[in-house]
Amino acid sequence: MPLSAITSTHSKLFNACPFNIHGEEILKQRKRELSHQGHVGTMQEMHSPDGIALGYYSLKSEKGGSIVFSNQQPFLQLSYTLSGNKSYHVDSGKTVLASLSKQQYNYLFFPEQEIQLSWQPGEPLEIFELGVSPDLLLNFLPEEHPLFAVFQKSISDNTPVPLSKNNLPLQANISPILFDMLNCPLDGRYKQLYVKAKTIELLAIQLTHYEQVAGIQTKELTSRTLKKEDIERMYLARDIITQNINSPCTLIDLSHRVGTNDAYLKSHFKQVFGTTVYGYLQNIKMVHARELMLEGKSVSEVAYLSGYKHTAHFTRAFKKHFGFSPGVIKK
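Residues numbered from 1 in each chain as written. Predicted model: local features only at pLDDT ≥ 70, side-chain atom pairs only at ≥ 80, totals over all residues. Heavy atoms only, no water.

A. Spatial organisation of the overall build of the protein. Broken down by element type, the protein carries 11 helices and 13 strands. The 331 residues of the protein split such that 52% are buried. Pairs at least 24 apart in sequence give 68% of the contacts found in the protein among residues at least 6 apart. For the protein, the accessible area works out to roughly 15,700 Å², and carbon and sulfur atoms hold 50% of it. (Helix = DSSP H or I, 4+ residues; strand = E, 2+ residues; numbered from the N terminus. Buried < 20%, exposed > 50% of the residue type's maximum accessible area, 1.4 Å probe, protein only. Contact = heavy atoms within 4.5 Å. Areas by Shrake-Rupley, 256 points an atom, 1.4 Å probe, with all protein chains shown as cover.)

B. Representation of helix α7 (residues 262–273) within the structure. Along its 12 residues, α7 runs 16 Å from first to last C-alpha, staying within 8% of the 16 Å computed at 1.5 Å per residue. Those residues of α7 that fall on the buried side of the exposure criterion are L265, H268, F269, Q271, V272 and F273. Considered in projection along α7, the buried side chains sweep an arc of 165° and stay on one side of the axis. Its side-chain oxygen placed 3.1 Å from the backbone nitrogen of A263, N261 serves as the N-cap of α7. Positive backbone phi, approximately 75°, marks G274, located one or two places after α7. (Expected span 1.5 Å × (residues − 1). Arc of directions from axis to C-beta. Polar contact = N/O pair within 3.5 Å; in protein donor to acceptor, adjacent residues only side chain to side chain.)

C. Region of the structure containing the nonpolar core. Residues Y80, Y107, F128, L130 and F314 are the most contacted members of the largest nonpolar core, which totals 49 residues. Counting the residues that make up this core, at least three belong to each of domain 1 (3–214) and domain 2 (228–328). Filtering out sequence-adjacent residues up to four positions away, Y107 remains in contact with L76, Q77, L78, L147, V161, P162, L163, S164, L168, Q206, L207 and Y210. Y57, Y88, F110 and W119 belong to the second largest nonpolar core, which has 19 residues in total. (Core = buried A, V, L, I, M, F, W, Y, C linked by side-chain atoms within 4.5 Å. Domains from an automatic or database assignment.)

D. Examining unusual backbone geometry more closely. Positive phi outside glycine occurs at D91, with the angle close to 55°. Along the chain, D91 turns up in the loop between β7 (86–90) and β8 (95–100). Look at N158: it is not a glycine, yet its phi comes out positive at around 55°. Here N158 shows up in the loop between α2 (146–157) and β12 (161–162). N158 gets classed as partly exposed once you look at its relative accessible area, which sits at 34%.

E. Representation of the pattern of salt bridges in the model. Summed over all chains, the structure comprises 9 salt bridges. Residues E291 and K102 are paired through a salt bridge, measuring 3.7 Å at the closest nitrogen-oxygen approach. Of this pair, E291 sits in helix α8 (residues 277–294) while K102 is found in the loop between β8 and β9 (104–110), placing the two residues 189 residues apart along the sequence. Owing to a relative accessible area of 12%, E291 belongs among the buried residues under this scheme. According to the relative accessible area criterion, K102 is partly exposed, its value standing at 41%. Put simply, K153 and D157 hold a salt bridge, and the shortest N to O gap is 2.6 Å. Remark: D157 and K153 occur in helix α2; sequence separation between them is 4 residues, near one turn of the helix. Under the relative-accessibility criterion, K153 is labelled exposed at 54%. (Salt bridge = Lys/Arg side-chain N within 4 Å of Asp/Glu carboxyl O.)

F. Representation of the layout of surface pockets in the model. In this structure, the largest pocket spans a volume of roughly 660 Å³. Taken together, 27 residues form the lining of the largest pocket, with T42, Y56, S58, L294 and I329 sitting closest to its centre. Elements supplying a minimum of two residues to the lining of the largest pocket: β2 (28–36), β3 (39–48), β4 (52–61), β11 (125–132), α3 (174–182), α8 and α11 (326–330). Here the lining of the largest pocket is built from residues that sort into 12 nonpolar, 7 polar and 8 charged. Counting contributing residues, the lining of the largest pocket receives three or more from each of domain 1 (3–214) and domain 2 (228–328). (1 Å grid on protein atoms, 1.4 Å probe; cavity = no way out; pocket = protein on both sides within 12 Å on 5 of 7 lines; lining within 4 Å. Points joined across faces, edges and corners; volume = space filled by probe spheres on them. Nonpolar A, V, L, I, M, F, W, Y, C, P; charged D, E, K, R; others polar.)

G. Just the environment of L130, in detail. Of note, L130 is situated in strand β11. When the C-alpha atoms of L130 and Q77 are compared, they prove to be 5.5 Å apart, with 53 residues separating the residues in sequence. Those residues in contact with L130 that sit more than four places away from it in its chain are I52, A53, L54, L76, Q77, L78, Y80, M181, T199 and L202.

H. Highlighting the environment of L82. Locating L82 in the fold gives a position in strand β6 (residues 75–83). Along the primary structure L82 and L125 are separated by 43 residues, whereas in three dimensions their C-alpha atoms are 7.7 Å apart. Apart from residues lying up to four places away in sequence, L82 is in contact with K102, Q103, E126, F128, L170, S175, F179, V287, R290 and E291.

I. Region of interest: the packing of aromatic side chains. With the rule as written, the count across this model stands at 11 aromatic pairs. When the ring of F75 is compared with that of F110, the centres are 5.6 Å apart and the planes differ by 80°; the resulting orientation is edge-to-face. Highlighted residues: F75 in strand β6 and F110 in strand β9, separated in sequence by 35 residues. Its relative accessible area of 1% is what places F75 among the buried residues. Residue F110 is classed as buried on the basis of its relative accessible area of 0%. A centroid spacing of 5.6 Å and a plane angle of 65° characterise the contact between Y308 and F314, whose relative ring orientation is edge-to-face. Assigned by exposure class, Y308 and F314 land together as buried. An aromatic cluster is defined as three or more aromatic residues linked by ring pairs; in this entry it consists of Y56, F128 and F179. (Phe/Tyr/Trp six-rings, centres within 6.5 Å; stacked < 30°, edge-to-face > 60°.)

Everything listed here is a matter of geometry and, on its own, says nothing about what the molecule does.
In structure tokens form, the structure reads like this:
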């Protein structure tokens, strides 16, 4: 659900002029800079006639934030947290529906009722919210997929629920797709087509990823399903990578620390996270670099802190990863 469609319980942070995820005739979009009662940041929103609503929000709040929105129609929200922490509450804020931390995502079904979104004080929050109409998702979600029954029951019961019991790690190839959608150079019907194609691409990647992480035994996946302990080792490897981005381990050292060998590490890590160990490290470094620039550091300073001897090399790597140069953030 786009945040511009909600009214804050603490302040008029966003105008309450909702876009409808259904019934649009043309693709609509808008961008706003926020500076109000201790909240600063940027928001961009896009709404397509295909039943797709994309929101990008980068903000920081001195005292945290809490917003309640009254949802008028059921929809599935693919909720991504690039940095910071956020949580969704129902039952007048009494029950936590889902909490997502940095580099996590989940599928959330929102029925026709009030939902509360909260975030922490003092820390940068950068999130994408991709709303998809139930009809659109059902066109692409196979009936044999484990999420299908959960999704159908949620619609039938009109009950808010995270479709995945556990949040999923944000794969390295997801953020670039989201930023591609946000910065699409096309206009009108061609931009609408582009956004729909990218949404389908995301669904294809993420639904496959869910099956892999959950260890679903289907005919296509039986030969490559991992044991629970193998998945736990890969999560441990990920944590070690995240904690040592400026002094990474070699593949051999990393594999020894998690109790496997380098061949299994490379194979299993890619199966769980959808990218190589190096690719994941590079993604973490680029995300961290973007956070530093959002905090006000210069491109050359961030290049140095990211381990690049030459700013030009950093700029090239950043643009390759996100599809736009770091200068766009500074502007």
